[in-house]
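Each chain, letter by letter, is given below.
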Amino acid sequence: MTQQKSQSAVPANSNAILVINCGSSSVKFSLIKPQSGETLLSGLAECLLSNDAIITIKQGGNKKSYKLAAPFDHQSALAVLVAQLQQLHLVKDICAIGHRVVHGGETYSQPTLITEQVAQTIAQLAKLAPLHNPANLIGIKACQQAFKKLPQVAVFDTAFHQSMPEKAFIYGLPYSLYQEHDIRRYGFHGTSHYFVAKQAAKLLNKPLAQCNLISAHLGNGCSVTVIKHGKSVDTSMGMTPGEGVMMGTRCGDLDAGIIFHLVENLGYSINDVDKLVNKESGLLGVSGLSNDCRTLENAMLYENNSQAKLALTVFCYRIAKSIASYSASLTQLDGLIFTGGIGENSTWVRAEIVKQLGLLNFYLDADKNQTTRFGASGNIATKDSRPCWVIATNEEWVIAEQSAQLLTNLAQ
Ligand code: AMP
């Protein structure tokens with residue numbers, strides 16, 4: 001896709017990018033220096049479109065919340081944010097807005113300057129991400145209103161996985177469904193997998209293009225990606241973020257026959273099935289208790305709750321199987337990365353996964369596993385093991401960095 005020249009050149013230092021991650025009823029934002037990753041301000045507007053709409057802004061050690069005024073929408077939230085940025089004399093530092101956009105389909109494999117035509121394509125791609133792309137567009141439109149003079153950049157969650165070969169992205173369905181309806185595997189969490197792979201390359205002290213890695217992003221949503229010579233060659237999520245390993249409330253891979261059984265014999269509607277597999281399954285569904293890993297670990301360890309133990313055990317086994325399956329994609333492997341809220345913090349989950357990966361020569365150092373959490377990063381494997389890193393992800397920094405880079409390139 002050809003890019004239009006940006007109006008504003010981006011000086012190499014000093015400027016900041018406002019990173020926006022817009023959901024249907026929330027806006028997450030961070031003002032970030034793209035070179036250093038320093039966060040100047042961050043926050044969240046939530047419960048939008050309801051009377052409870054509220055925005056919380058953090059700057060330095062300060063955190064303040066403001067109730068939003070009618071119409072309680074994304075625009076109202078951005079109005080408060082702009083007023084705060086003005087009061088803090090930060091508006092002049094902002095050189096662009098970087099938007100997280102969930103689905104770029106096959107059209108976008110790079111960060112892209114948002115023009116009217118790009119916005120229309122993002123809207124068309126909503127057929128592949130009906131919950132996410134329309135919400136991302138609301139954020140784009142609201143920012144175009146609030147920051148009329150600033151360039152807006154889209155950074156796509158699917159982009160990093162566009163390097164997957166056909167053998168990894170084609171479903172075992174009639175090929176015409178891919179050709180005529182774009183039904184294929186796309187993958188998600190690309191920005192996170194890319195960030196942690198880049199950090200691992202730094203730890204290995206070699207260029208990312210020479211690194212072969214498997215990264216496990218384990219949060220409420222979970223995905224495992226295999227990276228060959230610095231590029232994603234396969235990932236566990238598919239056409240939607242529902243495929244792959246088990247997650248907080250999503251079941252992950254499922255025998256499609258179960259859906260027919262639910263509809264034909266158990267009276268489920270298609271909407272019921274959608275709710276079941278996306279909102280009521282996974283850790284929540286198996287445990288019957290919670291989708292939250294901390295709650296389940298506490299119930300398992302301190303209350304002897306066997307359903308919590310089963311949920312976590314299934315969760316870990318399926319992730320271990322997914323990691324092991326990627327030995328089919330590589331001839332060399334430099335190491336394994338854990339990231340996301342669970343990957344960065346849960347010593348139990350990491351230990352349970354890695355103990356099933358002995359054939360790939362992964363062994364954890366129990367002490368290092370115990371101490372590397374709550375934002376700490378490092379190799380938690382034994383000396384004889386392949387490296388196994390915990391790396392705190394930072395998708396916002398990637399979006400800021402890639403937005404700044406794009407604008408610098410366009411200005412040259
Ligand atoms: P995320 O979607 O990346 O924010 O991750 C959310 C998940 O991380 C939830 O399941 C949390 O329970 C889990 N998590 C966060 N902190 C911890 C912790 N200290 N121990 C275990 N799981 C955690």
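For the structure, check the block above.
Scope of this entry: the structure provided in the associated data block.

Calculation criteria
Residues numbered from 1 in each chain as written. Predicted model: local features only at pLDDT ≥ 70, side-chain atom pairs only at ≥ 80, totals over all residues. Heavy atoms only, no water. Helix = DSSP H or I, 4+ residues; strand = E, 2+ residues; numbered from the N terminus. Rg over C-alpha atoms; globule rule 2.2 N^0.38 Å. Buried < 20%, exposed > 50% of the residue type's maximum accessible area, 1.4 Å probe, protein only. Areas by Shrake-Rupley, 256 points an atom, 1.4 Å probe, with all protein chains shown as cover. Pairing = 2+ DSSP bridges. Contact = heavy atoms within 4.5 Å. Axes fitted to C-alpha atoms, helices over the stretch in contact; angles between N-to-C directions. Polar contact = N/O pair within 3.5 Å; in protein donor to acceptor, adjacent residues only side chain to side chain. Core = buried A, V, L, I, M, F, W, Y, C linked by side-chain atoms within 4.5 Å. Parallel < 35°, antiparallel > 145°, perpendicular 65-115°, else oblique. Nonpolar A, V, L, I, M, F, W, Y, C, P; charged D, E, K, R; others polar. Phe/Tyr/Trp six-rings, centres within 6.5 Å; stacked < 30°, edge-to-face > 60°. Lys NZ or Arg CZ within 6 Å of the ring centre and 35° of its normal.

Regarding the overall build of the protein chain
Scanning the protein chain from N- to C-terminus turns up 15 helices and 14 strands. Against the globule reference of 22 Å for 412 residues, the protein chain gives a C-alpha radius of gyration of 22 Å, in line with a compact fold. For the C-alpha atoms alone, the extent of the protein chain along its principal axes is close to 55 × 55 × 50 Å. In the protein chain, buried positions account for 50% of the 412 residues. With an accessible surface of roughly 19,200 Å², the protein chain has 52% of that area assigned to carbon and sulfur atoms.

What to know about the sheet that holds strand S4 (residues 54-59)
Read from one edge of the open sheet, 8 strands run S5-S4-S3-S2-S1-S6-S8-S7, paired in mixed fashion. Of all strands in the sheet, those with a lone pairing partner are strand S5 (62-67) and strand S7 (112-113), marking the two edges. As paired elements, S4 and S5 share 6 bridges and run antiparallel to each other. Residue pairing for S5: Ile57 is matched across the bridge by Lys64. On the sheet, helix H1 (residues 74-87) packs against strand S1 (16-22), strand S2 (27-32), strand S3 (39-46), S4, S5 and strand S6 (94-101) and is oriented at approximately 30° with respect to S4.

What about helix H7 (residues 256-265)?
The opening residue of H7, the one whose side-chain oxygen lies 2.8 Å from the backbone nitrogen of Gly257, is Asp255. After H7 finishes, the residue Gly267 shows a positive phi value of roughly 80°.

A short note on the nonpolar core
With 43 residues, the main nonpolar core has Ile214, Leu218, Phe315, Leu336, Val349 and Ile353 as its most contacted residues. Counting only elements with at least two residues in this core, the list comes to strand S9 (213-218), strand S10 (222-228), helix H10 (293-303), helix H11 (306-325), strand S12 (335-339), helix H13 (347-354) and strand S14 (388-390). Looking at this core element by element, the count peaks at 8 residues for H11. With residues up to four places along the chain from it excluded, the contact list for Leu218 reads Ile319, Phe338, Thr339, Gly340, Gly341, Ile342, Gly343, Val349 and Ile353.

Observations concerning the packing of helix H6 (residues 190-204) against helix H15 (residues 395-411)
It is the contact of H6 with H15, at a shortest axis distance of 9 Å, that shows an interaxial angle of 90°. Accordingly, the angle class assigned to the pair H6 and H15 is roughly perpendicular. Across from Thr191, Ser192, Tyr194, Phe195 and Lys198 in H6, the residues of H15 making contact are Glu395, Trp397, Val398, Ile399, Glu401 and Gln402. Here the contact of H6 with H15 is built from residues that sort into 5 nonpolar, 3 polar and 3 charged.

Quick notes on the packing of aromatic side chains
According to the stated counting rule, one finds 5 aromatic pairs in the structure shown. Between Phe160 and Tyr194 the ring centres are 5.7 Å apart and the planes differ by 55°, which places this aromatic pair in the tilted class. With a gap of 34 residues between them, Phe160 in the loop between strand S8 (152-156) and helix H4 (166-169) and Tyr194 in helix H6 connect regions that are remote in the sequence. Residue Phe160 is classed as buried on the basis of its relative accessible area of 13%. Both rings, one in Tyr175 and one in Tyr178, keep their centres 5.5 Å apart while their planes meet at 65°; by these two values the pair is edge-to-face. Residue Tyr175 and its partner Tyr178 are both found in helix H5 (residues 175-181); the two are separated by 3 residues, about one turn of the helix. Each residue in the set Phe169, Tyr175 and Tyr178 is aromatic and connected to the rest through ring pairs, giving one cluster. One residue, Arg184, lies across the ring of Phe169, its end atom 3.6 Å from the ring centre.

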